[in-house]
Amino acid sequence: MHRFLITCVFGLLLAGCQSQPPTGADVAPGAVLISAQHCLSEYLEELEKNHYGPCLKIISVDGQAPPVRADGFIELPARTPVTLGVSCVYRHADGSPIPATMENTEFPVTRTTFENPGTRWYLHAHRQARQVVGCEPTLSRSVYPTYDTE
């Protein structure tokens, strides 16, 4: 019984390690990864619920449809200027998109934007999930909003 338990625990640990997101080792040399689509949300403790913020989707890289990897990221060359076409949309309280709020804009990437190859980035529609309008893309290394809304 003791060996069976140890085998089960080892199996679970191994399965957990295999399901981890890929590291920088899966990125082409000299490239960075940026999430093709990202939605902001913020947990509201006082209401005990999630507030669904805006979603952003990269729709083009230098005017061309980007190849999205199976993990939902786009590879971009580090230290290379490109223009990202992005689409932003806000969401209802249930998380569904509000089509009337869809807006497209561009996000310029300069030679200094992505200086370190092998890193993962997220493009957010805003710095926070609540009390925002429009589409003001910002870069982050985190999936969470830069600022919590007070």
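Everything numeric here is computed off the predicted structure, so don't read it as measured data. (Residues numbered from 1 in each chain as written. Predicted model: local features only at pLDDT ≥ 70, side-chain atom pairs only at ≥ 80, totals over all residues. Heavy atoms only, no water.)

Colleague: It is not clear to me how the environment of A78 should be interpreted in this structure. Could you clarify?
Modeller: Position of A78 relative to the elements: it lies in the loop between β4 (73-77) and β5 (82-89). Linking A78 and T112, residues 34 residues apart in sequence, is a C-alpha distance of 8.5 Å. (Helix = DSSP H or I, 4+ residues; strand = E, 2+ residues; numbered from the N terminus.)

Colleague: Can you walk me through the pairing of β5 in this structure?
Modeller: Among the eight residues of β5, seven are classified as buried, and the element is accordingly described as predominantly covered. Direction of pairing for strand β3 (residues 49-61) relative to β5: antiparallel, over a ladder of six bridges. Counterpart to K57 in the pairing with β5 is S87. Bridge count for β5 against strand β6 (residues 103-109) is seven bridges, and the pairing is antiparallel. Looking across to β6, one finds that L84 is bridged to F107. (Buried < 20%, exposed > 50% of the residue type's maximum accessible area, 1.4 Å probe, protein only. Pairing = 2+ DSSP bridges.)

Colleague: Explain the pattern of salt bridges to me, please; I cannot follow it from the model alone.
Modeller: Should the charged atoms of two oppositely charged side chains come close, the side chains can pair. Taken as a whole, this structure holds three salt bridges when the rule is applied. For R69, the salt bridge is made with D71, and the minimal N-O distance between the two is 2.8 Å. Between E75 and R69 there is a salt bridge; the shortest N-O distance is 3.0 Å. Accessibility expressed as a relative area gives 32% for E75, which makes it partly exposed. What you see here is one network of salt bridges that share partners, running through R69, D71, E75 and R120. (Salt bridge = Lys/Arg side-chain N within 4 Å of Asp/Glu carboxyl O.)

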